[in-house]
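Structural characterization, general
For reference, the chains in residue letters:
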Amino acid sequence: MDSRQLEYFVAVAEELSFTRAAQRLFTVQSTVSAAVRALETDLKTTLFDRSTRRVALSAAGQALLPEAKAALEALDRARAAVEEASTGLRGNVRIGTLARLNLVNLAELLGAFHRKYPLVEVQVATSPTGSTGLADDVRHGRLDVALLGLPKPELNGLDVRDIATVPFVALLPASHRLVAAAATQTRHTKPYGMVGVRLEELAAERFVDMPPGFGNRKMVDRAFDTIGMPRRIQVEVPELTTIPDYVRVGLGVAVVPDLELTEDPEVAKVPIKGTDLTWTLSVATAAGRQPSRAVTALLDLIGESTRPYF
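Residues numbered from 1 in each chain as written. Predicted model: local features only at pLDDT ≥ 70, side-chain atom pairs only at ≥ 80, totals over all residues. Heavy atoms only, no water.

Let's shift gears to the pattern of salt bridges. Taken as a whole, this structure holds 24 salt bridges when the rule is applied. Look at the salt bridges and you will find they share partners, linking Glu14, Glu15, Arg20, Arg24, Lys69, Asp136, Asp137 and Arg142 into a network. (Salt bridge = Lys/Arg side-chain N within 4 Å of Asp/Glu carboxyl O.)

Here it is, written out as structure tokens:
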């Protein structure tokens, strides 16, 4: 048994596909298959149940997986400790993030990290399914750390540190009747800001929102389900910053985190009252897995740099 065999085994176990494992490891499928067969021969057992349609872990494979991961992580830490002692911190950090996340100046943060640890390779990725995809990538070892926003019940299997929390607001065309109603109330109550609208007042509207995997979409869906008034999504877009464009032309209203959206005189941003609906940005790593020295260094920098970068 050697570390390369264990690495190939873990990749196949997480991907449940020899083809995807080979792509992940930048090698060919035959190499991965041969390494796994050699490992099975060495252990005198079958690690995967194979068929023409699927690959599944056997009972022995399920028993080996956590031990293999722990062994590889221990080897990585040992290698990193020796390299750091001789040449400085080395390693690789795979970080996932949401697109156009205004709460975090990720470029500045990673630039500072690179200046401090120039021998650490940093890879940055997003997910087409938003925070849900990022969380899944962290759980399965495809990412080391991720910046994401999910409801607390969906953070199982992750160690998270909250970075910032912002309220949700409603986006409506400036000519919308609810904007006029809120403005009328404002003149009699709060001259410096709208008093807000309730979710119940918005429930019958058509909505513009992000796809279901995104954390803010999940939170808003859950909020409307809680009041027994599921909403109708008219338009789905992959980026938060484009939502006001669809609201402006009257294709729907939106309930989104107040993340410094560009001011638009044709789109009114109205507070939501009667609920404590908020969105929290967190930094997440896999629970029960000791982060590498490089990942720990990045997490420490995030903690130290909250004010300059967030």
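Turning to the side chain of Glu40, a few remarks are in order. Tracing the backbone shows Glu40 in helix H3 (residues 29-43). We classify Glu40 as buried; its relative accessible area is 10%. (Helix = DSSP H or I, 4+ residues; strand = E, 2+ residues; numbered from the N terminus. Buried < 20%, exposed > 50% of the residue type's maximum accessible area, 1.4 Å probe, protein only.)

Okay, helix H5 (residues 106-116) next. When H5 is considered as a whole, its buried residues turn out to be Leu106, Leu109, Leu110, Ala112 and Phe113. End-on view of H5: buried residues confined to an arc of 155 degrees, all on one side of the axis. More than 90 degrees from the buried face of H5, the exposed residues found are Ala107 and Arg115. (Arc of directions from axis to C-beta.)

This part takes up the pairing of strand E4 (residues 120-125). On a regular strand, each side chain points to the face opposite its neighbour's, so the side chains alternate between the two faces of the sheet. Sheet topology note: the strand E3 (residues 91-96)/E4 ladder contains six bridges and is parallel. Residue pairing in the sheet places Gly91 in a bridge with Val120 of E4. Of the crossover connections in this fold, the one passing from E3 over H5 to the parallel E4 is right-handed. (Pairing = 2+ DSSP bridges. Right-handed = clockwise from strand over helix to strand, strands pointing away.)

Attention now moves to a nonpolar patch on the surface. Together, Tyr246, Val249 and Leu251 line one region of the surface with nonpolar side chains, adding up to about 250 Å² of accessible area. In this structure, Val249 sits in the loop between helix H10 (243-248) and strand E9 (254-257). (Patch = residues over 30% accessible without salt bridge, like charges linked within 9 Å, V, L, I, M, F, W, Y side chains within 5 Å. Areas by Shrake-Rupley, 256 points an atom, 1.4 Å probe, with all protein chains shown as cover.)

Another aspect to go through is the packing of aromatic side chains. Evaluated as defined, the whole model comprises four aromatic pairs. Arranged with centres 5.5 Å apart and planes meeting at 50 degrees, the rings of Phe9 and Phe48 form a pair that is tilted. Highlighted residues: Phe9 in helix H1 (residues 3-15) and Phe48 in strand E1 (residues 48-50), separated in sequence by 39 residues. Both residues of the pair, Phe9 and Phe48, belong to the buried class. Seen in terms of ring centroids, Phe207 and Phe224 are 5.4 Å apart; in terms of plane orientation they differ by 70 degrees. Their pairing is edge-to-face. Note that Phe207 is positioned in strand E7 (residues 206-209) and Phe224 in helix H9 (residues 215-226), a separation of 17 residues in sequence. Classification of Phe224 by relative accessible area gives buried; the value is 0%. The ring of Phe207 carries the charged tip of Arg231 above its face, separated from the ring centre by 4.9 Å. (Phe/Tyr/Trp six-rings, centres within 6.5 Å; stacked < 30°, edge-to-face > 60°. Lys NZ or Arg CZ within 6 Å of the ring centre and 35° of its normal.)

All right, on to unusual backbone geometry then. A positive phi angle, close to 55 degrees, is found at Leu16, a residue other than glycine. Among the structural elements, Leu16 can be located in the loop between H1 and helix H2 (18-24). Given a relative accessible area of 41%, Leu16 falls into the partly exposed group. In the Ramachandran plot, Phe26 falls in the positive-phi region, its phi being about 60 degrees despite a non-glycine side chain.

On to the nonpolar core, then. Ranked by internal contacts, the top residues of the largest apolar core, which has 75 residues, are Leu171, Leu202, Ile243, Val255 and Trp279. The biggest single contributor to this core is strand E6 (residues 158-173), with eight residues. (Core = buried A, V, L, I, M, F, W, Y, C linked by side-chain atoms within 4.5 Å.)

Bridge count between E7 and strand E8 (residues 232-236): four bridges; the pairing is parallel. Bridge pairing in E8 links Arg206 to Arg232. Read as a crossover between parallel neighbours, the route from E7 over H9 to E8 is right-handed.

To continue, consider H1. In this model H1 runs 18 Å from its N-terminal to its C-terminal C-alpha over 13 residues, within 8% of the 18 Å that 1.5 Å per residue would give. In terms of residue burial, H1 counts as a mostly covered element, since 10 of its 13 residues are buried. Within the span of H1, buried status applies to Gln5, Leu6, Tyr8, Phe9, Val10, Ala11, Val12, Ala13, Glu14 and Glu15. The distance from a side-chain oxygen at the start of H1 to the backbone nitrogen of Arg4 is 3.1 Å, and the residue carrying that oxygen is Asp2. With its phi angle positive at about 55 degrees, Leu16 sits one or two positions after the end of H1. (Expected span 1.5 Å × (residues − 1). Polar contact = N/O pair within 3.5 Å; in protein donor to acceptor, adjacent residues only side chain to side chain.)

Time to look at the packing of H5 against helix H11 (residues 293-304). At a minimum axis distance of 11 Å, the contact between H5 and H11 shows a crossing angle of 125 degrees. When the interaxial angle is binned, H5 and H11 end up oblique. For the pair H5 and H11, the sense of crossing is right-handed. Contacts between H5 and H11 involve Leu109, Leu110, Ala112, Phe113 and Lys116 from the first element and Ala294, Ala297, Leu298, Leu301, Ile302 and Glu304 from the second. Taken together, the residues that form the contact of H5 with H11 break down as nine nonpolar, no polar and two charged. (Axes fitted to C-alpha atoms, helices over the stretch in contact; angles between N-to-C directions. Parallel < 35°, antiparallel > 145°, perpendicular 65-115°, else oblique. Left-handed = near helix turned anticlockwise from the far one by under 90°. Contact = heavy atoms within 4.5 Å. Nonpolar A, V, L, I, M, F, W, Y, C, P; charged D, E, K, R; others polar.)

We now examine the environment of Thr41. Within the secondary structure, Thr41 is located in helix H3. A relative accessible area of 59% means that Thr41 is categorised as exposed.

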